[in-house]
Amino acid sequence: AIAVVTGVILVQSGWLREKIRERVVEEAEKATGGKVEIGALDLDWKTLRATVDNLVIHGTEPAGSAPLLAVKRVVIGFKIISFVERRFDVASVQVESPNAHVMIEADGSTNVPQPKVSSKGKAGPETILDLKIRKFDLANGVVAVERAGAAKEKTPWNGRGENLSAHVTYDSSRPRYDGQISIAPLDFVWNGTGKSGVQIRAQITAAASMEKNRLTVSAATVKTGQSEIDLSNVLVNGFTAPLTTARYSARVSLADADRIFKLVNFRHTGMVNVAGDLRFVSLKDYLVKGAVRGDGIGYGKVQSIRVSGAVTATPDIVRIKAMIINALGGEIRADGEVRKLEDVHLAGRLEHFDAAVLAELGGVAALPYNGILSGPFDANGKLVEESLHRLVAGATLEVSPAQNSIPVHGEITAKFSGADNTVELGHSWVELPSTRLDVDGVLGQQLQVKLQSHDLKDLAPVL
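Residues numbered from 1 in each chain as written. Predicted model: local features only at pLDDT ≥ 70, side-chain atom pairs only at ≥ 80, totals over all residues. Heavy atoms only, no water.

Peer 1: Would you mind going over the overall build of the protein chain with me for this structure?
Peer 2: Across its full length, the protein chain holds four helices and 23 strands. Partitioning the intrachain contacts of the protein chain with sequence separation of at least 6 by distance along the chain shows that 42% fall at a separation of at least 24. (Helix = DSSP H or I, 4+ residues; strand = E, 2+ residues; numbered from the N terminus. Contact = heavy atoms within 4.5 Å.)

Peer 1: I keep staring at unusual backbone geometry and nothing clicks. Help me out?
Peer 2: Negative phi values dominate among residues other than glycine, just as trans dominates among peptide bonds. Proline 175 follows arginine 174 through a cis peptide bond whose omega is -25°. Relative to the elements of secondary structure, proline 175 occurs in the loop between strand S6 (153–171) and strand S7 (176–190). In this chain, alanine 184 is followed by proline 185 through a cis amide linkage whose omega measures -5°. With respect to the helices and strands, the residue proline 185 is situated in strand S7. Residue alanine 322 is not a glycine yet carries a positive backbone phi of 50°. With respect to the helices and strands, the residue alanine 322 is situated in strand S15 (residues 317–327). A positive phi is found at asparagine 404, a non-glycine position, where the angle reads about 60°. Within the secondary structure layout, asparagine 404 lies in the loop between strand S19 (392–401) and strand S20 (409–417). Exposure remark for asparagine 404: the relative accessible area of 83% places this residue in the exposed category. (Buried < 20%, exposed > 50% of the residue type's maximum accessible area, 1.4 Å probe, protein only.)

Peer 1: I keep staring at the environment of threonine 435 and nothing clicks. Help me out?
Peer 2: Position of threonine 435 among the secondary structure elements: in strand S22 (residues 435–442). The class of threonine 435 is buried, set by a relative accessible area of 6%. Remark: the alpha-carbon pair of threonine 435 and glutamine 452, spanning 17 residues in sequence, is separated by 5.7 Å. Every residue in contact with threonine 435, bar those within four places of it in the chain, is listed here: Val430, Leu451, Gln452, Ser453, Asp455, Asp458 and Leu459. A distance of 3.1 Å separates a polar atom in the side chain of threonine 435 from a polar atom in the side chain of aspartate 458. (Polar contact = N/O pair within 3.5 Å; in protein donor to acceptor, adjacent residues only side chain to side chain.)

Peer 1: Is there a simple way to think about the nonpolar core in this case?
Peer 2: Note on soluble globular proteins: their nonpolar side chains tend to be buried together. If you look at the biggest cluster of nonpolar residues, it comprises 26 residues, and the most contacted ones within it are Val272, Ile297, Ile305, Ile325, Ile332, Leu350 and Phe377. Beyond its immediate stretch of four places on either side in the chain, leucine 350 contacts Glu331, Ile332, Leu373, Ser374, Gly375, Phe377 and Leu397. Ala50, Leu55, Ile133 and Phe136 belong to the second-largest nonpolar core, a separate cluster that totals 22 residues. (Core = buried A, V, L, I, M, F, W, Y, C linked by side-chain atoms within 4.5 Å.)

What follows is the structure, given as structure tokens:
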């Protein structure tokens, strides 16, 4: 009874609160290697919540500089598993205004201090972080990066997630950090808040190591919806002017892409696989190369589309080479480019498209004649949802006979303008066994037609 009463008094006393505060500071300084300050620590044993105000971690930055990390408030919900073994489970963490300030010198060194690992003669890595959190919410964060000879860069961010697991070791003999992290799911907004900025909802796993002036990610996986991106051999060389290289493999759901890019009027289906290499310096200097393959793609009435090709992307232009699209029984071979993620140009050749199938797609129930269409085309447009269908496209198509139809030959030259939704025919002609039709003009407005026939039986299907 005396022990219980004493325990209750100690739990509610300021003495124990101060001892816990000292222990938190001690462990944080050991893990980070920096000087840790806590403005206040409050424990609510009824709700098992701990509140830390004004948490500050100083790195090796000069006196008078902003600290490595300053946090306005941290609220931790926990569950005690064992007092004796000092084991507890972190149920939730809420962090308000975490501000990080990273200084990078010309030689790549930073203001991140080295952990205070034990010196018991043991060689090899020592665990400095072993963390599991069920839920976390980090609000109104800012990362400020100050590179030698460059202006300070500030980036706002917000993040929340569940099932965070992180394990980090430090090897003082090299020195080197090694770590593994997993989060499922993560909601993250970078460089903005609310609906602005880069938003991601994903499951993330990664294994990485960091040495002086170098970061290596041996493997990382990002899953969102039905899409998945795998990264390997990620190398960040030089923190002053970082150069990132990596190998990637992505399996992208087109439905996810519609959602991410807010293409609300589109209903794509199917998966596209892309694999290749990337080089990244900044959003103004990067190069991404990859091979593209997709199957089972659908859009509107067109289903079971297959695509393949090679893609090269830089900040100014995305190039598509040797693209092959199989759909509606025909094939499109083309090269294309997208400039400034806006202006689209595509040129190539259509091969073996059935005119009756295309007519049915356009709402025409049946054609009196049928033919096979092949020939070159050229298209220009804008990669914006409001104007994506407002294309300007031209084609010169050869008409050859189709099976189970009166033999048809000819050539159709057409230009489609999405701005006014018109189709203009250049000099086009179609020949039946004993009849020839020449036509030019604008469909729905005015056509010049010349019809010459030596046997009116050719016109029976039309009549």
